[in-house]
Amino acid sequence: MTIALATQAPPFDLPGIDGQQHSLDDYADVPALAVVWSCNHCPYVQAWESRMIELQREYGDRGFRLVAVNSNDADNYPEDSFEAMKARAQQQGFNFDYLYDEDQSVVQAYGAERTPEVFLFDSERRLVYHGAIDDSREESEVTERYLRDAIEAVLAGDEPPVSETAPVGCSVKRKA
Amino acid sequence: MDIEFLYWEGCPSYPEARQLLGEVLAERGLDAKIEVREVKSQAEAELLRFPGSPTIRVEGHDVDPDGASGRPALMCRIYRNPGGGVSPVPSREQLEAALS
């Protein structure tokens, strides 16, 4: 089940494509933390990827961090293997941490179902926004920028104007 | 005209693709027999040479020949739209070309 709004961020400690382990505690000083379920093979993720990069670029100086997590079963979806993650990140120029949840324990804890699916936490690691990045996979057709608005609100010490939307994307590929 | 429309329930793009196909057929006044088939297992995906959802074939020819030989799998299929972007559904232009 997906964690509810106001829930504390479930802990994680996962390997990143940079060769380092990354735990929730490593982001303790971050005022706004977005944990985004992602992967390589999904066209929805690929359609939104540049917007993830742009958000990190635009808000990084103000303390925002985006952390992408891939939990897909790489045995059945080799496009989402750890090695493929490294290649994808390099090819696309990811400016955010990209972590591998191989045993799927973290996706189980958060209850994410889709890629991409956003969980935005405030400075106290309380869930303040859950759902889609914005309202259209076609960037030219976006009218509501949910995550951007939520980041702005959190950085200003306010509640996001919209706290929950339905994520649209591929299913997380769970192991049988 | 025979059209195969193959989809996997786990990818949410197929209703949009089915609607777009219907629109393009109607605009062109084409009378087509559409066989809609759900692909439910990896074995079925391999048997049907299903490189992702949705896959549309007109008279046996994939509307996106470049992606037709992709690995058979239960996943969303990647299409390229005319602007170079990525989409989980074929473009109107791809469907029009396949139906012409």
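Conventions used here
- Residues numbered from 1 in each chain as written.
- Chains lettered and ligands numbered in written order.
- Predicted model: local features only at pLDDT ≥ 70, side-chain atom pairs only at ≥ 80, totals over all residues.
- Helix = DSSP H or I, 4+ residues; strand = E, 2+ residues; numbered from the N terminus.
- Rg over C-alpha atoms; globule rule 2.2 N^0.38 Å.
- Buried ≥ 20, exposed ≤ 12 C-beta atoms within 10 Å, placed from the backbone.
- Contact = placed C-beta atoms within 7 Å.
- Right-handed = clockwise from strand over helix to strand, strands pointing away.
- Pairing = 2+ DSSP bridges.
- pLDDT = per-residue confidence, 0-100.
- Axes fitted to C-alpha atoms, helices over the stretch in contact; angles between N-to-C directions.
- Parallel < 35°, antiparallel > 145°, perpendicular 65-115°, else oblique.
- Left-handed = near helix turned anticlockwise from the far one by under 90°.
- Nonpolar A, V, L, I, M, F, W, Y, C, P; charged D, E, K, R; others polar.
- Arc of directions from axis to C-beta.
- Expected span 1.5 Å × (residues − 1).

**Student:** I'd like a description of the overall build of chain A, backed by residues and values.
**Tutor:** Of the regular secondary structure elements, chain A holds four helices and nine strands. The linear arrangement of helices and strands in chain A, starting from the amino end, is β-β-β-α-β-α-β-α-β-β-β-α-β. Expected size for 176 residues packed as a compact globule is a radius of gyration near 16 Å; at 15 Å, chain A falls within 12% of this value. Each principal axis of the C-alpha distribution contributes one length, and for chain A these read about 40 × 35 × 30 Å. Residue burial in chain A is summarised as follows: out of 176 residues, 45% are buried. Across chain A, contacts joining residues at least 24 apart in sequence account for 73% of those joining residues at least 6 apart.

**Student:** Tell me about the environment of histidine 61 of chain B, and name the residues and values.
**Tutor:** Residue and element names in this part refer to chain B. In this fold, histidine 61 is placed in strand E4 (residues 61-62). Of the residues examined, histidine 61 has 11 C-beta atoms within 10 Å and is grouped as exposed. With 57 residues separating them along the chain, histidine 61 and glutamate 4 place their C-alpha atoms 9.3 Å apart.

**Student:** Before we move on, can you summarise the pairing of strand E2 (residues 33-38) of chain B with the specific residues and values?
**Tutor:** Of all six residues in E2 of chain B, zero are buried, a share of ten percent or less. Taken together, strand E1 (residues 2-7) of chain B, helix H1 (residues 14-28) of chain B and E2 of chain B constitute a β-α-β crossover, and its handedness is right-handed.

**Student:** Explain the sheet that holds E2 of chain B residue by residue, including any values.
**Tutor:** Residue and element names in this part refer to chain B. The mixed open sheet is built from four strands, whose spatial order is E2-E1-E3-E4. A single partner strand is all that each edge strand has here, and the edge strands are E2 and E4. Across two bridges, the pairing between strand E3 (residues 55-58) and E4 is antiparallel. In the sheet register, arginine 57 faces E4, and the bridge partner there is aspartate 62.

**Student:** Can you explain the confidence of the model for chain B? Please cite residues and give values.
**Tutor:** With 100% of its residues at a pLDDT of 70 or more, chain B has an overall mean of 96. For this predicted complex, the interface confidence score (ipTM) comes to 0.93, while the overall pTM stands at 0.96.

**Student:** Would you mind going over the sheet that holds strand E8 (residues 127-131) of chain A in detail, with residue names and values included?
**Tutor:** Residues and elements named next belong to chain A. Pairing is mixed across the open sheet formed by five strands, whose spatial order is E5-E4-E3-E7-E8. Both edges of this open sheet fall to strand E5 (97-100) and E8, since each of them pairs with a single strand only. The average undirected angle you get between the axes of adjacent strands in this sheet is 20°. The sheet strands contacting helix H4 (residues 146-155) are strand E3 (32-38), strand E4 (64-70), strand E7 (117-121) and E8, and the helix crosses E8 at an angle near 175°.

**Student:** Describe in detail the packing of H1 of chain B against helix H3 (residues 92-99) of chain B, supporting the description with residues and values.
**Tutor:** Residue and element names in this part refer to chain B. Packing of H1 against H3 leaves a shortest axis separation of 10 Å and a crossing angle of 50°. Looking at the two axes, H1 sits oblique to H3. Note on packing geometry: the crossing formed by H1 with H3 is right-handed. Contacts between H1 and H3 involve Leu20, Leu21, Val24 and Arg28 from the former and Arg92, Leu95, Glu96 and Leu99 from the latter. Residue composition of the contact of H1 with H3, grouped by class: five nonpolar, no polar and three charged.

**Student:** Give a description of the environment of alanine 6 of chain A that names residues and reports values.
**Tutor:** All names here are of chain A. For alanine 6, the position within the fold is in the segment before strand E1 (13-15). C-beta crowding within 10 Å serves as the criterion here: with 10 such atoms nearby, alanine 6 is assigned to the exposed category. Sequence-wise, alanine 6 and aspartate 122 are 116 residues apart; in three dimensions their C-alpha atoms are separated by 9.5 Å.

**Student:** Would you mind going over H4 of chain A in detail, with residue names and values included?
**Tutor:** Residues and elements named next belong to chain A. Listing the buried residues of H4 in full gives Tyr146, Leu147, Ala150, Ile151, Ala153 and Val154. The buried residues of H4 occupy one face: seen down the axis, they fall within an arc of 165°. If you follow the buried residues of H4, they end up packed against E3, helix H1 (43-59), E4, E7 and E8. Within two residues after H4, glycine 157 carries a phi angle of roughly 80°, on the positive side.

**Student:** If you had to explain H1 of chain B to someone new, which residues and values would you point to?
**Tutor:** All names here are of chain B. With 15 residues, H1 should reach 21 Å at 1.5 Å per residue; the first-to-last C-alpha distance of 21 Å fits that figure. Those residues of H1 that sit buried are Tyr14, Ala17 and Leu21. For H1, the angular spread of the buried residues around the axis is 60°, confining them to a single face. Exposed and oriented more than 90 degrees from the buried face of H1 are Pro15, Gln19, Gly22, Glu23, Ala26 and Glu27. Next to the buried residues of H1 lie E1, E3 and H3. Positive backbone phi, at 65°, marks glycine 29, one or two positions downstream of H1.

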